[in-house]
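# Summary of the model geometry
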Amino acid sequence: MSPRVGLYPGSFDPVHVGHVDLVHRASRITDRLVVAVLVNPAKTCRFTVEERVDLLEEVFADHDDVEIATFDGLLVDFAKQVGANVVVRGLRAVSDFDYEFSMAHMNRRLQPEIETVCLMAAPDYTYLSSRLVKEVAGLGGDVANLVPPTVLRALQAG
Ligand code: ADP
């Protein structure tokens, strides 16, 4: 049987504990998991692509089966490039569903052999988003339990 290679794409601006939980769970059902930061010049991000990659590398340094990458262009093209046969996404609430549903169908149309698997967010993290983390941290709120320590330091550094 060919290895099951997962591709978990996103902005990860920055990575938070909801993402970390998803990576742990996705790596249990894949042989190799590529976490890929989308390079999107149209989107204003708090951290540069390089910073986001560095943070992810640090967070998953102990995970031999997890690798960090960047991509632009079509997700299915990048999936083919890295040999991924499964795209992993997270569903927090019904609000995520419409977008994930249409993306999954479009990606299937473009590349029928790549499956999309959506994992439900852990109950404790269904409300958690990078946007909320940045907003609360920016206003001086405590996000210590919501992000890995290395991300907390990066947020506090300004
Ligand atoms: P995007 O900009 O593509 O929405 P994010 O970096 O916010 O990317 O998230 C990447 C993926 O992680 C998406 O599939 C998103 O639904 C999922 N995700 C985000 N937050 C959580 C969370 N708290 N729990 C589980 N999955 C999450």
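Scope of this entry: the structure provided in the associated data block. (Residues numbered from 1 in each chain as written. Predicted model: local features only at pLDDT ≥ 70, side-chain atom pairs only at ≥ 80, totals over all residues. Heavy atoms only, no water.)

We now examine the overall build of the protein chain. Helix and strand counts for the protein chain come out as six helices and five strands. Compactness check: the protein chain gives a C-alpha radius of gyration of 15 Å against a globular reference of 15 Å for 158 residues, within 12% of the reference. Dimensions of the protein chain along its principal axes, counting C-alpha atoms only, are 45 × 35 × 30 Å. Per-residue burial over the protein chain gives 43% buried out of 158 residues. If you sum the accessible surface of the protein chain, you get close to 8,900 Å²; carbon and sulfur atoms cover 54% of it. Here the protein chain carries 15 positive and 22 negative side-chain charges, and the mean point of each set is 5 Å from the other. (Helix = DSSP H or I, 4+ residues; strand = E, 2+ residues; numbered from the N terminus. Rg over C-alpha atoms; globule rule 2.2 N^0.38 Å. Buried < 20%, exposed > 50% of the residue type's maximum accessible area, 1.4 Å probe, protein only. Areas by Shrake-Rupley, 256 points an atom, 1.4 Å probe, with all protein chains shown as cover. Lys, Arg positive; Asp, Glu negative; His and termini not counted. Charge placed at Lys NZ, Arg CZ, Asp CG, Glu CD.)

Not every one of the 18 residues close to the ligand is listed here, only the nearest: Tyr8, Ser11, Phe12, Gly90 and Tyr125. At a separation of 2.6 Å, an oxygen atom of the ligand approaches a polar side-chain atom of Tyr8. Between the ligand and the protein, one listed contact pairs a nitrogen atom with a side-chain N or O atom of His16 at 3.4 Å. Relative to its unbound accessible surface of 550 Å², the ligand loses 88% to contact with the protein. Where the shell around the ligand is concerned, the elements lending two or more residues are strand E1 (5-10), helix H1 (17-28), strand E4 (86-91) and helix H4 (94-110). Looking at the shell around the ligand residue by residue, the classes come out as seven nonpolar, six polar and five charged. (Near = heavy atom within 4 Å. Polar contact = N/O pair within 3.5 Å; in protein donor to acceptor, adjacent residues only side chain to side chain. Nonpolar A, V, L, I, M, F, W, Y, C, P; charged D, E, K, R; others polar.)

A few words now on the pattern of salt bridges. One pass over the structure, following the stated rule, counts eight salt bridges. One salt bridge in this structure joins Lys134 and Asp13, with 2.8 Å as the shortest N-O distance. Placement of the pair is Lys134 in helix H5 (residues 130-138) and Asp13 in the loop between E1 and H1, with a sequence separation of 121 residues. Asp21 is paired through a salt bridge with Arg25; the nearest N and O atoms lie 2.9 Å apart. (Salt bridge = Lys/Arg side-chain N within 4 Å of Asp/Glu carboxyl O.)

So, about the packing of aromatic side chains. The full count for this structure, using the stated rule, is three aromatic pairs. Over the ring of Phe47 we find Arg46; its NZ or CZ atom is 4.5 Å from the centre of that ring. (Phe/Tyr/Trp six-rings, centres within 6.5 Å; stacked < 30°, edge-to-face > 60°. Lys NZ or Arg CZ within 6 Å of the ring centre and 35° of its normal.)

Turning to helix H3 (residues 75-82), a few remarks are in order. For H3, every residue scored as buried is listed here: Leu75, Val76, Phe78, Ala79 and Val82. Buried residues along H3 cover an arc of 160 degrees about the axis, so they all sit on one side. Turned more than 90 degrees from where H3 packs its buried face, Lys80 and Gln81 sit exposed. Taken together, the buried residues of H3 touch E1, strand E2 (32-38), strand E3 (66-71), E4 and H4. (Arc of directions from axis to C-beta. Contact = heavy atoms within 4.5 Å.)

Within the fold, Leu74 resides in the loop between E3 and H3. Distance from Leu74 to Gln156, taken between C-alpha atoms, is 34 Å for residues 82 residues apart in sequence.

This part covers the sheet that holds E3. Spatial ordering of the open sheet is given by E3-E2-E1-E4-E5, a layout of five strands whose pairing is parallel. A single partner strand is all that each edge strand has here, and the edge strands are E3 and strand E5 (115-120). Strand-to-strand twist of the sheet, defined as the mean angle between neighbouring strand axes without regard to direction, takes the value 30 degrees. By the bridge criterion, six bridges tie E1 to E2 in an arrangement that is parallel. (Pairing = 2+ DSSP bridges. Axes fitted to C-alpha atoms, helices over the stretch in contact; angles between N-to-C directions.)

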